Amino acid sequence: MYGAVLRRQGLLRASALRSAFSPIARYYASFPPHTVIKMPALSPTMTAGNIGAWQKKAGDTIAPGDVLVEIETDKAQMDFEFQEEGVIAKVLKDAGAKDVPVGNPIAVLVEEGTDVSAFESFSLADAGGEASKPAPKEEKKSDESSASSAPAPSSAPEPTEYASEGRIETALDREPNISAAAKRLARENGVKISALKGTGSGGRITEDDVKKASSSSSGAAAAASSYADTPVSNMRKTIAKRLQESTQNNPHFFVTSNISASKLLKLRQALNGSAEGKYKLSVNDFLIKAIAVASRKVPAVNSSWQGDSIRQYDNVDVSVAVATPTGLITPIVTNVEGRGLESISATVKELAKKARDNKLKPQEYQGGTISISNMGMNSAVDHFTAIINPPQAAILAVGTTKKVPVAVETEEGSSIAWDDQITVTASFDHRVVDGAVGGEWIKEFKKVIENPLELLL
């Protein structure tokens, strides 16, 4: 008997040890043999996640590669593809559960043929309990500690203007002329007596005076508090954190240039016209390719700050900003220097669709060597500046195309012609890129856009 107990304790210790390194842990207590499925870390920075839609319910079989549940990480909403086979016996975290720490139990798996009904009473406590949520950063700790050390707010003491104990007062401190009923009503509604002007006999404050003051103050308060709070997703929190860190830690400088796009637009029209439906190139596809050309000619821009060193990349991986319903994400078009326009166009369309459907894999949005943010589809945006995506050293912001009158010199003299122009602004990290180098990069970018046939070489 004692041997069996010791063996069982040994199994529990071994399974607990394995659970520290794996999203599953096996237990053999008062329930049939089972495996506890834990919240996985689906990205390197993930410490907690939100539970989305369960693709399997209790009693469903699951095979390796099947999607068990959708999980919102700090980066995106992703599918948790399970790598074992069996039957789901119990779901421990319902859809919509927020901030579930990595390693916390979320479901129970059993072998096929096991009686699933035996797990109806199975709880989180039976699965080993919940782990504590990840500790916040030191700054937050200090804020919380100071907040906790502050005395807890207590109900505000009754203002002395409502007090009734006898005291000697000067004429200035004396209580206004108010009836007992009005005074009681003012106390109940939180109306300040000293601010009231009586309309009764001899300037006496009446109940009607208190009611008017109460209704006007409550109306003003209601108007001032007309708002709605929207819960912040993990993705939005990560975006906010990274952008704040970038503006605080990266010394930005900006270089702006007006670029003629007339030749590019004509080339695009000609290529799309002869594509026979095989592809449809966008202006952004040309810009992405031009970024690669400029970065190959001025490679110092295609670099990142590493603290003790500057890392210069041989390949040009362009992060393309894509707006999604849950926030901005930057999927990556890799090895742009070796791609043609058709390949770039197809890849951008595929990644953008995945981004909007929350189906991007971590390797499709983590990394990149340089970024582009294009708001050219909005005719109201002439130009703007973008925040660098760390640890990258540069991002290109693109405004809309505008028709601009330009002077043209001919044999017959000067005349005015209309030119399609775009305004681009490059943001550079001054720790990595010097001002002259940033200017040279913009010069090479402008050159290839204004002579777009170089993109086909």
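Refer to the preceding data block for the structure.
Caption draft 1: Representation of empty space enclosed by the protein within the structure. Tallied over the entire structure, the rule returns 1 cavity of 30 Å³ or more. For the largest cavity, the calculated volume is near 30 Å³. For the largest cavity, the full set of lining residues is V320, V322, P331, V333, V348, L351 and A352. A per-element tally of the lining of the largest cavity places helix α8 (residues 341-356) first, with 3 residues. Of the residues that constitute the lining of the largest cavity, the class distribution is 7 nonpolar, no polar and no charged.

Caption draft 2: Helix α5 (residues 234-249), seen in detail. In this model, α5 (16 residues) spans 22 Å end to end at C-alpha, consistent with the 22 Å of a helix rising 1.5 Å per residue. Those residues of α5 that fall on the buried side of the exposure criterion are N234, M235, T238, I239 and S246. End-on view of α5: buried residues confined to an arc of 135°, all on one side of the axis. Those residues of α5 hidden inside the fold are in contact with β3 (48-54), β5 (67-72), β10 (252-260), β14 (322-324) and β15 (327-329). Residue S233 occupies the N-cap position of α5, its side-chain oxygen lying 3.1 Å from the main-chain nitrogen of R236.

Caption draft 3: Summary view of the nonpolar core. Judged by nonpolar contacts, the single largest core of 73 residues is most densely connected at W441 and F445. For this core, the element with the most residues is helix α7 (residues 283-297), which contributes 8 residues. Core analysis: the second largest hydrophobic core is formed by 11 residues, F31, V87, A89 and L124 among them.

Caption draft 4: Structural detail: the sheet that holds β3. Read from one edge to the other, the open sheet built from 4 strands follows the order β6-β5-β3-β8, with strand pairing classed as antiparallel. Strands at the two margins of the open sheet, each flanked by one partner only, are β6 (77-81) and β8 (100-101).

Caption draft 5: Geometry of the packing of α7 against helix α9 (residues 435-450). Running from amino to carboxyl end, α7 crosses α9 at an angle of 135°, the nearest separation of the two axes being 9 Å. Judged by the inter-axis angle, α7 sits oblique to α9. Handedness of the α7/α9 crossing: right-handed. Facing α7, whose interface residues are F286, L287, A290, I291, V293, A294, S295 and K297, α9 presents W441, E444, F445, V448 and I449. Considered class by class, the residues forming the contact of α7 with α9 number 10 nonpolar, 1 polar and 2 charged.

Caption draft 6: Broad picture of the pattern of salt bridges. Enumeration over the complete set of coordinates arrives at 11 salt bridges. A salt bridge links D79 to K359; the shortest N-O distance between them is 3.4 Å. Note that D79 is positioned in strand β6 and K359 in the loop between α8 and β17 (370-374), a separation of 280 residues in sequence. You can call D79 partly exposed: its relative accessible area is 28%. Overlapping salt bridges bring together K297, E444 and E454 as one network.

Caption draft 7: Structural view of unusual backbone geometry. For the peptide bond that leads from P390 to P391, omega is 5°, which places it in the cis range. Mapped onto the elements, P391 comes out in the loop between β17 and β18 (394-410). Here D99, not a glycine, exhibits a phi torsion of approximately 50°, which is positive. Position of D99 relative to the elements: it lies in the loop between β7 (86-91) and β8. Of note in this structure, N358 is not a glycine but carries a positive phi near 55°. Of note, N358 is situated in the loop between α8 and β17.

Caption draft 8: Fine view of the sheet that holds β17. Strand order in the open sheet formed by 6 strands is β10-β19-β18-β17-β13-β16, and the pairing between neighbours is mixed. Edge positions in the sheet fall to β10 and β16 (332-333), since each has one partner strand and no second. Note: strand β13 (residues 318-320) against β16, 2 bridges, orientation antiparallel. Bridge pairing in β16 places V318 opposite V333.

Thresholds, definitions, all that
Residues numbered from 1 in each chain as written. Predicted model: local features only at pLDDT ≥ 70, side-chain atom pairs only at ≥ 80, totals over all residues. Heavy atoms only, no water. 1 Å grid on protein atoms, 1.4 Å probe; cavity = no way out; pocket = protein on both sides within 12 Å on 5 of 7 lines; lining within 4 Å. Points joined across faces, edges and corners; volume = space filled by probe spheres on them. Helix = DSSP H or I, 4+ residues; strand = E, 2+ residues; numbered from the N terminus. Nonpolar A, V, L, I, M, F, W, Y, C, P; charged D, E, K, R; others polar. Expected span 1.5 Å × (residues − 1). Buried < 20%, exposed > 50% of the residue type's maximum accessible area, 1.4 Å probe, protein only. Arc of directions from axis to C-beta. Contact = heavy atoms within 4.5 Å. Polar contact = N/O pair within 3.5 Å; in protein donor to acceptor, adjacent residues only side chain to side chain. Core = buried A, V, L, I, M, F, W, Y, C linked by side-chain atoms within 4.5 Å. Pairing = 2+ DSSP bridges. Axes fitted to C-alpha atoms, helices over the stretch in contact; angles between N-to-C directions. Parallel < 35°, antiparallel > 145°, perpendicular 65-115°, else oblique. Left-handed = near helix turned anticlockwise from the far one by under 90°. Salt bridge = Lys/Arg side-chain N within 4 Å of Asp/Glu carboxyl O.

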